[in-house]
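Coordinate analysis (summary)
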Amino acid sequence: MDEQALLGLNPNADADFRQRALAYFEQLKISQDAWQVCAEALAQSIYSDDHIKFFCFQVLEHQVKFKYSELTEVQQQLIRETLITWLQAQMLNPQPEKTFIRNKAAQVFALLFVTEYLTKWPKFFFDILSVVDLNPRGVDMYLRILMAVDAELVDRDVVHTSARRNTLLKDTMREQCIPSLVESWYQILQNYQYNNSELTCQCLEVVGAYVSWIDLSLIANERFINMLLGHMSVEVLREEACDCLFEIVNKGMDPIDKTKLVESLCQVLQSAGLFSIDQEDDVDFLARFSKLVNGMGQALIASWTKLIKSGDMKSAQDALQAIEAKVSLMLQLLIHEDDDISSNIIGFCYDYLHILKQLSALSDQQKANVEAIMLAVMKKLTYDEEYNFENEGEDEAMFVEYRKQLKLLLDRLAQVSPELLLASVRRVFNTTLQNWQTTRFMEVEVAIRLLYMLAEALPVSHGAHFSGDVTKATALQDMMRTLVTSGVSAYQHTSVTLEFFETVVRYEKFFAVEPQHIPTVLMAFLDHRGLRHSSPKVRSRTAYLFSRFVKSLNKQMNPFIEDVLNRIQDLLELSPPENGYQALLSSDDQLFIYETAGVLIVNSEYSAERKQALMRNLLTPLMEKFKVLLEKLMMAQDEDRQMALADCLNHAVGFASRTSKAFSNKQTVKQCGCSEVYLDCLQTFLPALSCPLQKEVLRSGVRTFLHRMIICLEEEVLPFIPSASEHMLKDCEAKDLQEFIPLINQITAKFKTQVSPFLQQMFMPLLHAIFEVLLLPAEDNDQSAALEKQMLRRSYFAFLQTVTGSGMSEVIANQGAENVERVLFTVIQGAVDYPDPIAQKTCFIILSKLVELWGGKDGPVGFADFVYKHIVPACFLAPLKQTFDLADAQTVLALSECAVTLKTIHLKRGPECIQYLQQEYLPSLQVAPEIIQEFCQALQQPDAKVFKNYLKVFFQRAKP
C-alpha cells in the first residue's frame, strides 16, 4: 500500500495529506485487487494504526456492497475467511480494538450476511458462535454483528430498498437459527449479568431489537422474563432491562394474552417496589421506566379497544380494570418534576381520557382521576425558575414542545368534562389574580395561560365565547373582566405581559359586550407595558397584537382614534440609516403600526376630507424623507452606506404600501378621498427606479407598491406603468424579470383591452429581456442559476398565458410574422423540450387557447399549417419523452392540458384533423392501424374526460 497516502488518514494530518488519502481511497475502490491487499492486512494484523485498519474495512465494505458479484468463488471464500480470521484474532489481542473499528467490522459482517446467508453461508451465525464461544471480546463482536444485521433488515430509521429480500432473510432465520440465537442470548445474560454489565446491556439491546420480529414465546417465557425482572433491581442493568421489557410489551399479540402478560409483569414489578416513584431519585432510570409504564398502559388500552370491537365485554371489563389500576402510577409519573419522565407517560394519559370520553357515565373514581390529571397538567404547564426568557436555547425549546403535548391533554380533558375544566381553570385563575402582586411570575403566567387555552379547548365558531351557553359565557366574561381590571398588565415579567396581550386579543369579542374596558387595554398597549416595554421581544409581539386588536374592534375604536394616532406618532418615524440609532421598533414591527394607523383612519366615521387630511399627515413625512434619502443615495460612495440608505428607502415604500391594506378596493379609496395622496406617493417613489445604485432592493419595494396601487387606484395607475416598466426592464437579471412579470400579468388580467396598446408596445422589449437572460451561458453545475432560469421560463409562459387568456391575442398577432413565429416556437419548445411539468402544462394551455382563437377557417394565414406541423407533434413528443413521468401528479396535469389541446384542434379543424392523424401523422410514428382507429374514436368522443383518461393509457402503453 501507498504508505505516504496512508499518513493522510490521521485526523491531525495536514490538508494535502488528507486529500491524497481520499484520492487513494477512491483509487482502491475501483482497483481490481486492492481489496485483497486490505484483506491480507486485516487477516495478518500488518498495521497497528487504527485509522489504517478502519480504512481497510472501508475498502472491503465497498467491495462487498457494490462489486461482490464480480468476484470468483475463491475470492468470495477469501473474504469470508479474512473476516473469521480477524474475529479469531480479537480474542487473542492484548488490547481490544477501538469501538469505531469494531462497529465498522460488524457492518461488513452484516453486509456479507445479507449477500450470502441464503446461498453460500447458511451457517453464518453458527460459524461466528463456534469462534467466539463465551469469550467476552468475541461476545462483544457477536452482539455488534447482530445489531448490524438488524439495522440491515428492520431498523425503522433506515430506508430499506430491498423489502422482499429482507422478508425472505427473516423468514429463513426464524426457521433455521433464531431459537439457537435466543439460547445464546440467554447463556450470555446468565454468564455475564453479575460480572460484565457492558456485555449484559448490549445483549439486552439485541433482545429488544429482535423481539419485534421473532416468535414472542421464545422471549416472553418464565426463564427469560424472570431474568429480565431480576435485572430491574440491578442499577447498572435496569435501564436496558426496562427498554427490553418495553419492546416485549409493544409486540403485537392477541388482546387477552397481552392483558395477561402486562398484568403478570406489573405484579412482579410492583412487588419489587418499583411502583414507589417517590423513593427513586435516578431520573434517567425513571425516564425509561415511565416509557415502559406508558407502553404497558397503551398496550392494555389497545387490547380494550379490540375486545370492545369484537364484542367480548367480559374480557374488555378485565382490561379496563387493569388500566384503572395503573392510573395512580401514571399520575405519579405525570406530575414528576422532571419533564422527560412526565412527557414519556402523556401517551397513556391521552389514550385513557379517550376511553373515558367513550363511556356513557363516569364512576366517582374516574371523575377523581380526570380532576387529578387536570391538576397535574396545570401544575406541569408552569415555567421553572431556570427558564431563560431573554436567550431561549435547547432546554427552553424542549419545554415549549412539552407544553404543546400538555395542551393536547387539556383539549382532551375538555372533551371528557368541559364543566370540570372550566370550573378548575376559574378557581385557579381567580385565586391567583386576587393576589397577583405577591405571587411568583410563573403562577400568574400559567393562570392567564389557562384562560387563553380555554378558547381552543372549548371551541366556538367565530370566537363567539360570550354568547350561547350561559354558564360558560358568564365564567369567561367574569375572568376577562378580572384580567383587564386587576392591573395584572403591570406585572414586571415579560411572560406575564405577553400572556396578557395574547389573551386580550384572543377574546376580542369580550369588548363588544363590555366596551367600557377598551381605554384601559389601549393604554396598556401604548405605554411601557406594551409598545414601549423595555424588552424588544415584548415590543415586537405587541406591535402585531395591537394591529389585530384595533382591526377586530373596528367601529368601537371611534372615540379613541385621534388620541391613538397622536400617541403612536413617534413610533411611525422612519429610522435614519445612521449607525448607533436605536429605534424602539424594528422596521418589520413598524409595518404593523402603519397598517394600524391606516385601519384607524379608514374605519373611522370622519368625513372624507378629515380622512384625507389624516392620511396626508401619515404619508407626507414618508414622502419628504424619501426624497432626501434618494438624493443622499445618488451621492453615496461607500457601499455599506448605499445599502443602508436603500434599505431605508425600501422601508418608506413598504410603510406606504402597508397603510393601503386598510382599503379593500378602489371604491373605499375614493370614498375616503385618498386617491390623490397615493398618486403623490407614486410620483415620489417612481424616480427610485432610475437610480443606478442598489437596483434590486429599490425595484422590489416599488414593484410591491405598484401591485397594491393597481388594486387601490385601478386605472388611475395606468399613466405611470409605461415609464415604470421601461426602467424595470433596464439591465435586469433573471430574478428581476421573474418578479416583474407578475406585475404585468396583474395589469393585463385586470385592465385587459384597456392596456392593449401599452402591451403591444412593450411586448417585444420584455421578450428580448427574457430571452437575453435565458440565453446567458451558465456553469454546468450551477444549480441556483439553472433554477432561476427555470423559474423565469415559467414566468414567461405564465405571461403568455395571461395575454392569451385575457382575450388579447392581438397583442401577439400584431408583433410581425417573424416575431409571432419566434414566440410560437418558444411555446412548442416549452411543451416538449424542458422536463418541467409546470411549464409544460402552461404551454399546452397557451397552445389550446391559440388554436381556439386562430385555428378556425378565418385564422391568420399559415396558422393551420403550424397546427399540423408543430402543435400536433408536440402533443405526442412531449408525453413520449422518458422525463415525462406519468406517475407524477404535476405531469398528469400537463397531460390533461395536452388532451385539451388535441380536443380543441379537432373542434376547430373537424374531419380534416382526424384524416391527418389517421393517414399521415400516427402512421409516421409506427402506430398500429387498430390503435390509430381506437385513438381517433376516443378523440371524437363528446365527453372530454373519456379522451383524457384514454390518452394516459395510450402513452403508458407506448412507453417502454
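Just so it is clear, the model here is predicted, and its values are computed rather than measured. (Residues numbered from 1 in each chain as written. Predicted model: local features only at pLDDT ≥ 70, side-chain atom pairs only at ≥ 80, totals over all residues. Heavy atoms only, no water.)

**Some remarks on the overall build of the protein chain**
Scanning the protein chain for helices and strands turns up 47 helices and zero strands. Oriented by its inertia axes, the alpha-carbon framework of the protein chain measures out at about 90 × 85 × 65 Å. Here the protein chain holds 960 residues, and 51% of them are scored as buried. In the protein chain, 72% of the contacts between residues at least 6 apart in sequence involve partners at least 24 apart. In the form shown here, the protein chain has an accessible surface area of approximately 43,800 Å², with 51% of it arising from carbon and sulfur atoms. Counting 91 positive and 121 negative side-chain charges, the protein chain places the averaged centre of each group 6 Å from the other. (Helix = DSSP H or I, 4+ residues; strand = E, 2+ residues; numbered from the N terminus. Buried < 20%, exposed > 50% of the residue type's maximum accessible area, 1.4 Å probe, protein only. Contact = heavy atoms within 4.5 Å. Areas by Shrake-Rupley, 256 points an atom, 1.4 Å probe, with all protein chains shown as cover. Lys, Arg positive; Asp, Glu negative; His and termini not counted. Charge placed at Lys NZ, Arg CZ, Asp CG, Glu CD.)

**Concerning the packing of helix 34 (residues 675–685) against helix 35 (residues 695–713)**
Axis angle and axis distance: for two packed helices, these are the angle between their axes and the distance between the axes, and together they describe the pair. Where helix 34 meets helix 35, the axes come as close as 11 Å, and the angle between the chain directions of the two elements is 155°. Comparing their axes, helix 35 and helix 34 come out roughly antiparallel. As helix 34 runs across helix 35, the sense of the crossing is left-handed. Contacts between helix 34 and helix 35 pair Ser675, Tyr678, Leu679, Cys681, Leu682 and Phe685 from the former with Val702, Phe705, Leu706, Met709 and Leu713 from the latter. Residue composition of the contact of helix 34 with helix 35, grouped by class: ten nonpolar, one polar and no charged. (Axes fitted to C-alpha atoms, helices over the stretch in contact; angles between N-to-C directions. Parallel < 35°, antiparallel > 145°, perpendicular 65-115°, else oblique. Left-handed = near helix turned anticlockwise from the far one by under 90°. Nonpolar A, V, L, I, M, F, W, Y, C, P; charged D, E, K, R; others polar.)

**Some words on the environment of Phe825**
Position of Phe825 relative to the elements: it lies in helix 41 (residues 817–832). A relative accessible area of 34% places Phe825 in the partly exposed class. Counting along the chain gives 45 residues from Phe825 to His870, while the straight-line C-alpha distance between them is 8.4 Å. When residues no more than four places from it in sequence are discounted, the contact partners of Phe825 are Phe866 and His870.

**Some points on a negative patch on the surface**
A cluster of acidic residues, Asp384, Glu386, Glu394 and Asp395, forms a negative patch at the surface. Here Glu386 is to be found in the loop between helix 20 (364–380) and helix 21 (394–416). (Patch = residues over 30% accessible without salt bridge, like charges linked within 9 Å, V, L, I, M, F, W, Y side chains within 5 Å. Salt bridge = Lys/Arg side-chain N within 4 Å of Asp/Glu carboxyl O.)

**With respect to the packing of aromatic side chains**
For the structure shown, the criterion picks out 52 aromatic pairs. Centroid distance Phe954 to Phe955: 5.1 Å. Interplanar angle 80°. Geometry classified as edge-to-face. Exposure remark for Phe954: the relative accessible area of 6% places this residue in the buried category. Each member of the aromatic cluster is reached from another via a ring pair, and the members are Phe466, Phe500, Phe501, Tyr507, Phe510, Phe511, Phe525, Phe546 and Phe549. Between the NZ or CZ atom of Arg412 and the centre of the ring of Tyr350, over which it lies, the distance is 4.0 Å. For the cation-ring pair, Arg506 lies above Tyr452, with the distance from its terminal atom to the ring centre recorded as 3.9 Å. (Phe/Tyr/Trp six-rings, centres within 6.5 Å; stacked < 30°, edge-to-face > 60°. Lys NZ or Arg CZ within 6 Å of the ring centre and 35° of its normal.)

**Things to note about unusual backbone geometry**
Trans peptide bonds make up most of the peptide bonds, and negative phi angles are found at most residues other than glycine. Residue Ser45 is not a glycine yet carries a positive backbone phi of 50°. According to the relative accessible area criterion, Ser45 is partly exposed, its value standing at 47%. In this structure, Glu714 is a non-glycine residue whose phi angle is positive, near 50°. The residue Glu714 is located in the loop between helix 35 and helix 36 (721–728) in this model. According to the relative accessible area criterion, Glu714 is partly exposed, its value standing at 23%.

**Let's talk about the pattern of salt bridges**
Scanning the model with the defined rule gives 48 salt bridges in all. One salt bridge connects Arg541 with Glu502, and the closest N-O pair in it is separated by 2.5 Å. Here Glu502 lies in helix 25 (residues 494–506) and Arg541 lies in helix 28 (residues 536–553), a separation of 39 residues in the sequence. Residue classification places Arg541 among the partly exposed residues on the basis of a relative accessible area of 33%.

**Things to note about the packing of helix 31 (residues 608–635) against helix 34**
Put simply, helix 31 and helix 34 touch, their axes get as near as 10 Å, and they point 5° apart. Viewed along their axes, helix 31 and helix 34 adopt a mutual orientation that is roughly parallel. Judged by residue contacts, Gln612, Met615, Arg616, Leu619, Met623, Phe626 and Lys627 of helix 31 engage Glu676, Val677, Tyr678, Asp680, Cys681, Thr684 and Phe685 from helix 34. Of the residues that constitute the contact of helix 31 with helix 34, the class distribution is eight nonpolar, two polar and four charged.

**Some points on the nonpolar core**
Core analysis: the largest hydrophobic core is formed by 344 residues, its most contacted members being Met173, Trp185, Tyr210, Phe289, Phe876 and Phe935. Among the elements that make up this core, the one with the highest residue count is helix 23 (residues 441–457) (13 residues). The residues touching Phe876, leaving out its near neighbours within four places in the chain, are Leu902, Leu917, Tyr921, Leu922, Leu925, Phe935, Phe954 and Phe955. (Core = buried A, V, L, I, M, F, W, Y, C linked by side-chain atoms within 4.5 Å.)

**Some details on the side chain of Asp243**
With respect to the secondary-structure elements, Asp243 resides in helix 13 (residues 238–250). Judged by its relative accessible area of 18%, Asp243 is buried. Polar contacts involving the side chain of Asp243 include one to the side chain of Arg288, which spans 2.6 Å. Residue contacts for Asp243: discarding those within four places in its chain leaves Arg288 and Lys291. (Polar contact = N/O pair within 3.5 Å; in protein donor to acceptor, adjacent residues only side chain to side chain.)

**Quick look at helix 8 (residues 136–153)**
Across its 18 residues, helix 8 extends 26 Å between first and last C-alpha, which sits within 8% of the 26 Å expected from 1.5 Å per residue. In terms of burial, helix 8 is a largely internal element, 13 of the 18 residues being buried. A side-chain oxygen of the first residue of helix 8 lies 2.8 Å from the backbone nitrogen of Arg137; this N-cap is Asn135. (Expected span 1.5 Å × (residues − 1).)

**So, the state of the cysteines**
In total, this model carries zero disulfides according to the counting rule given. Lacking any disulfide linkage, Cys177 is separated from the closest cysteine sulfur, that of Cys203, by 15 Å. Summary of cysteine pairing: Cys266 is not part of a disulfide, and the nearest cysteine sulfur, belonging to Cys242, is at 12 Å. With a relative accessible area of 4%, Cys266 lands in the buried category. (Disulfide = S-S within 2.5 Å.)

**Quick word on the environment of Gly347**
Following the sequence through the fold, Gly347 ends up in helix 19 (residues 346–358). Sequence-wise, Gly347 and Leu375 are 28 residues apart; in three dimensions their C-alpha atoms are separated by 17 Å. Not counting chain neighbours up to four residues away, the residues in contact with Gly347 comprise Asn294 and Gln298.

**Comments concerning the side chain of Asp527**
Within the element layout of this structure, Asp527 appears in the loop between helix 27 (518–526) and helix 28. The exposure class assigned to Asp527 is buried, which follows from its relative accessible area of 16%. Within polar-contact distance, the side chain of Asp527 engages the side chain of Arg529 at 2.8 Å. In this view, Asp527 contacts Arg532 and His533; residues no more than four positions away in its chain are not counted.

**Things to note about helix 41**
With 16 residues, helix 41 ought to run about 22 Å at 1.5 Å a step, and its terminal C-alpha atoms sit 23 Å apart, in line with that. In this fold, the buried residues of helix 41 make contact with helix 38 (756–774), helix 39 (783–805), helix 40 (809–813), helix 42 (837–854) and helix 43 (863–880).

**Quick word on the environment of Val207**
Along the chain, the position of Val207 falls in helix 11 (residues 197–210). Each C-alpha atom of the pair Val207 and Ile219 lies 8.2 Å from the other, and the pair is twelve residues apart in sequence. Aside from chain neighbours lying at most four places away, what touches Val207 is Trp185, Ile219, Phe224 and Cys244.

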